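Summary of the model geometry
Each chain, letter by letter, is given below.
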Amino acid sequence: MCAQLLAELGADVIKVEPRDGDSTRQNGPFFKGEQGPNTSLYWWAMNAGKRSITLQLRLEAGREILRKLIASADIIVETRAPGESAALGLDYASVSAANPAAILVSITNFGQTGPYANWAATDIVASAMGGHMHLNGDDEHGPVRTTAPQAFAQVNAQAATGAMVALYARAVNAGVGQHVDVSMQEAMA
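Another point: the overall build of the protein chain. Tallying secondary structure elements over the protein chain gives eight helices and five strands in all. Listing the helices and strands of the protein chain from first to last along the sequence gives α-β-α-β-α-β-α-β-α-α-α-β-α. Whereas a compact globule of 189 residues would reach a radius of gyration of roughly 16 Å, the protein chain reaches 18 Å, a difference of no more than 12%. Dimensions of the protein chain, computed from C-alpha atoms along their principal axes, come out at roughly 55 × 45 × 30 Å. When the 189 residues of the protein chain are sorted by exposure, 37% land in the buried category.

Moving on, we come to the pattern of salt bridges. This model, assessed by the stated rule, comprises eight salt bridges. Between D22 and K15 there is a salt bridge, with its nearest N and O atoms 2.9 Å apart. When its relative accessible area of 16% is taken as the criterion, D22 is described as buried. E17 is the partner of R25 in a salt bridge, and the nearest nitrogen-oxygen pair spans 2.8 Å.

Moving on: the packing of aromatic side chains. According to the stated counting rule, one finds four aromatic pairs in the structure shown. Seen from their ring centres, Y116 and W119 are 4.4 Å apart, and the 55 degrees between their planes marks the pair as tilted. Overall, Y116 belongs to the partly exposed group, its relative accessible area being 36%. W119 sits in the partly exposed class, given a relative accessible area of 45%.

Mapping D123 onto the fold places it in helix α5 (residues 123-129). Take D123: its relative accessible area is 5%, and that puts it in the buried class. If sequence neighbours within four positions are ignored, D123 has contacts with R145, A148, P149, Q150, A151 and F152.

Criteria and cut-off values
Residues numbered from 1 in each chain as written. Predicted model: local features only at pLDDT ≥ 70, side-chain atom pairs only at ≥ 80, totals over all residues. Heavy atoms only, no water. Helix = DSSP H or I, 4+ residues; strand = E, 2+ residues; numbered from the N terminus. Rg over C-alpha atoms; globule rule 2.2 N^0.38 Å. Buried < 20%, exposed > 50% of the residue type's maximum accessible area, 1.4 Å probe, protein only. Salt bridge = Lys/Arg side-chain N within 4 Å of Asp/Glu carboxyl O. Phe/Tyr/Trp six-rings, centres within 6.5 Å; stacked < 30°, edge-to-face > 60°. Contact = heavy atoms within 4.5 Å.

Below, the structure is given as structure tokens:
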């Protein structure tokens, strides 16, 4: 959703998918009820305005194409678990080496560092740990989850905002990019 928001603001977004396509292509509902990689209404909604490319990032040829994309990019958005990006060249040191002006936006459950950095989380976990469920609850019923997935939406909105702030900062900081680390739990807090 972060990249979709940037696309809606006019960015030319290229989504890098694995060879079999992004797993969200299998999320329903489906156009006319027909399941397939190009009929997921959820996928189309979250990827409107984006172009796609498939790369096998486990292969050097795929990583080389990725480095070429990074070399000309203003903003790179990655959503891998902390530590997983280095092997693919998507950590900040690699991105900065390929393009010192690039802004790397990392969206994770609990940030790149800290005691929960490698914990898995769902929307409800981030809502609970960020305090959002407590705000919606009461003494009689306890904490209550909001019906729509607020944590997923909030972290992506905050990531897009952080990317835009970093883009502005780059213009006033001699053209140097930076790493924007956005935690879903902190976005809810």
